[in-house]
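# Architecture at a glance
The chain contents come next:
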Amino acid sequence: MRILILTDIHGNLPALEAILAHPKAESCGSVISLGDHTGFGPCPRQVQQRLMELGAVILRGNHEDRLQEAMTPAFAGENWTLLRWTARQLAGLPVVFPVDERRGDVFMTHGVPGDPYRLMTDDDVLSVRDNLPAGISLFLSGHNHSRWDVSAPGFRAVNPGAAGMGEDGVGGIASFGVLEMQGDHVGAFSAYTVPYDLQVVRRAFIESGAADAAPDICRGALTTMEAGVSQLVLKMIRHAVQTAEAMCLPMGDPAAWKVAMDTWTWRDGRSTAAYWADIRASLG
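Rules used in this analysis
Residues numbered from 1 in each chain as written. Predicted model: local features only at pLDDT ≥ 70, side-chain atom pairs only at ≥ 80, totals over all residues. Heavy atoms only, no water. Helix = DSSP H or I, 4+ residues; strand = E, 2+ residues; numbered from the N terminus. Rg over C-alpha atoms; globule rule 2.2 N^0.38 Å. Buried < 20%, exposed > 50% of the residue type's maximum accessible area, 1.4 Å probe, protein only. Contact = heavy atoms within 4.5 Å. Pairing = 2+ DSSP bridges. Axes fitted to C-alpha atoms, helices over the stretch in contact; angles between N-to-C directions. Parallel < 35°, antiparallel > 145°, perpendicular 65-115°, else oblique. Phe/Tyr/Trp six-rings, centres within 6.5 Å; stacked < 30°, edge-to-face > 60°. Right-handed = clockwise from strand over helix to strand, strands pointing away. Core = buried A, V, L, I, M, F, W, Y, C linked by side-chain atoms within 4.5 Å. Lys, Arg positive; Asp, Glu negative; His and termini not counted. Salt bridge = Lys/Arg side-chain N within 4 Å of Asp/Glu carboxyl O. Arc of directions from axis to C-beta. Polar contact = N/O pair within 3.5 Å; in protein donor to acceptor, adjacent residues only side chain to side chain.

Within the chain, the regular secondary structure consists of 12 helices and 10 strands. Rg of the C-alpha trace for the chain: 19 Å, near the compact-globule value of 19 Å for 284 residues, within the 12% margin. Relative to its full complement of 284 residues, the chain shows a buried share of 54%. Of the contacts made within the chain by residues no fewer than 6 positions apart, 66% connect residues no fewer than 24 positions apart.

The next subject is the sheet that holds strand β1 (residues 2-6). The 5 strands lie next to each other as β3-β2-β1-β9-β10, forming an open sheet whose pairing is mixed. Each end of this open sheet is capped by a strand with a single partner; those strands are β3 (57-58) and β10 (185-195). Examined bridge by bridge, β1 and strand β2 (residues 30-33) share 4 bridges and lie parallel to one another. Bridging across to β2, Ile 3 finds its partner in Ser 30.

Remark: helix α9 (residues 215-227) packs on helix α10 (residues 232-246), axes separated minimally by 8 Å, with the N-to-C direction vectors making an angle of 150°. Regarding the angle of α9 to α10, the classification is roughly antiparallel. On α10, the residues touching Asp 216, Ile 217, Gly 220, Ala 221, Thr 223 and Thr 224 of α9 are Leu 232, Val 233, Met 236 and Ile 237.

One pass over the structure, following the stated rule, counts 6 aromatic pairs. With a centroid separation of 6.2 Å and an interplanar angle of 80°, the aromatic rings of Trp 264 and Trp 266 are classed as edge-to-face. Relative accessible area serves as the criterion here: at 17%, Trp 264 is assigned to the buried category. According to the relative accessible area criterion, Trp 266 is buried, its value standing at 10%. Geometrically, the ring pair formed by Tyr 275 and Trp 276 is edge-to-face, given 5.0 Å between the ring centres and 80° between the ring planes. Its relative accessible area of 3% is what places Trp 276 among the buried residues. Grouped by ring-pair contacts, the aromatic residues Phe 205, Tyr 275 and Trp 276 constitute a single cluster.

To continue, consider the pairing of β2. Bridging between β2 and β3 involves 2 bridges; their strand directions are parallel. Bridge pairing in β3 links Ser 33 to Ile 58. Each parallel crossover has a hand, and for β2 linked through helix α3 (residues 44-53) to β3 it is right-handed.

The biggest cluster of nonpolar side chains holds 55 residues, and the ones touching the most others in it are Leu 4, Leu 6, Ile 19, Phe 205 and Trp 276. No other element matches the 6 residues that helix α1 (residues 13-20) contributes to this core. Beyond its immediate chain neighbours, meaning those up to four positions away, Trp 276 contacts Phe 205, Ile 206, Ala 211, Pro 215, Cys 218, Arg 219 and Leu 222.

Now for the side chain of Arg 84. Take Arg 84: it is sitting in helix α5 (residues 81-89). No salt bridge forms around the buried Arg 84; measuring N to O, its nearest opposite-charge neighbour Glu 78 is 5.7 Å away.

Moving on: helix α11 (residues 254-263). Among the residues of α11, Ala 256, Trp 257, Ala 260 and Met 261 are the ones counted as buried. Each buried residue of α11 lies within a common arc of 125° when the element is viewed along its axis, so the set occupies one face. Exposed residues lying more than 90 degrees from the buried face of α11 are Pro 254, Lys 258 and Asp 262. Buried residues along α11 sit in contact with α9 and α10. Where α11 starts, the residue carrying a side-chain oxygen 2.8 Å from the main-chain nitrogen of Ala 255 turns out to be Asp 253.

Inspection of the secondary structure assignment puts Tyr 192 in strand β10. Assessed through its relative accessible area of 22%, Tyr 192 is described here as partly exposed. Along the sequence, Tyr 192 and Ile 5 sit 187 residues apart, while their C-alpha atoms lie 10 Å from each other. Not counting the four nearest positions on each side in its chain, Tyr 192 is found in contact with Lys 24, Ala 174, Ser 175, Phe 176 and Val 178.

Put into structure tokens, the structure is as follows:
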């Protein structure tokens, strides 16, 4: 049995469709998403509907976890605008998913077992192994948008890389894995990449209304998709936190957020308004 393994699609429908059209993906009889199929990207509803059409097992990432409380006061700040927009797009669809999945000697999750928020690197893998159930020989995880693959005697841990928002320094590349099972045991696991059309993604940010709802965060997300910049959005959020603290304001305060984004330096030197104006012009 071959299983298509996806993680961190992040609402990027063109990336998902590029993966599904790849011969290696087409050879799979089932699909498992390791979480964060929503969040950041412009097509959260379409991505979830596509996964549901495929009968995919959908695990909970940190973005899906937050969706359950997106409309509560805790997420009312300016920094959570895109989360609330995403929640509205998903109205009527399930937002509660399991955290972990086990198939024989394979254990799958978003971050670490029971915790979709922990950002794990390849240096952490062997310590995490000690917290896995007995008999696991392959551990599959996402959350970190950069690929890693770590082996030890009788054990292997793999992050196949983000399907829709890779951070490996190359833009427009979707990553995925193919798990081959022989009964309850791992036969093989292989990771692949496939290019996708960034111009279609740019158009989706505009036409979905995401870029108007949260222009700064959407710019960070699209820039990551375009160039594979590592942890760009996380760095933006950290800058916003520091700015708000200096102003003695909550991070989600609109005034603090505006100052933070006005003082954030983009590599190309353009303002966010100019960036989106250029995107619109390029689309014709």
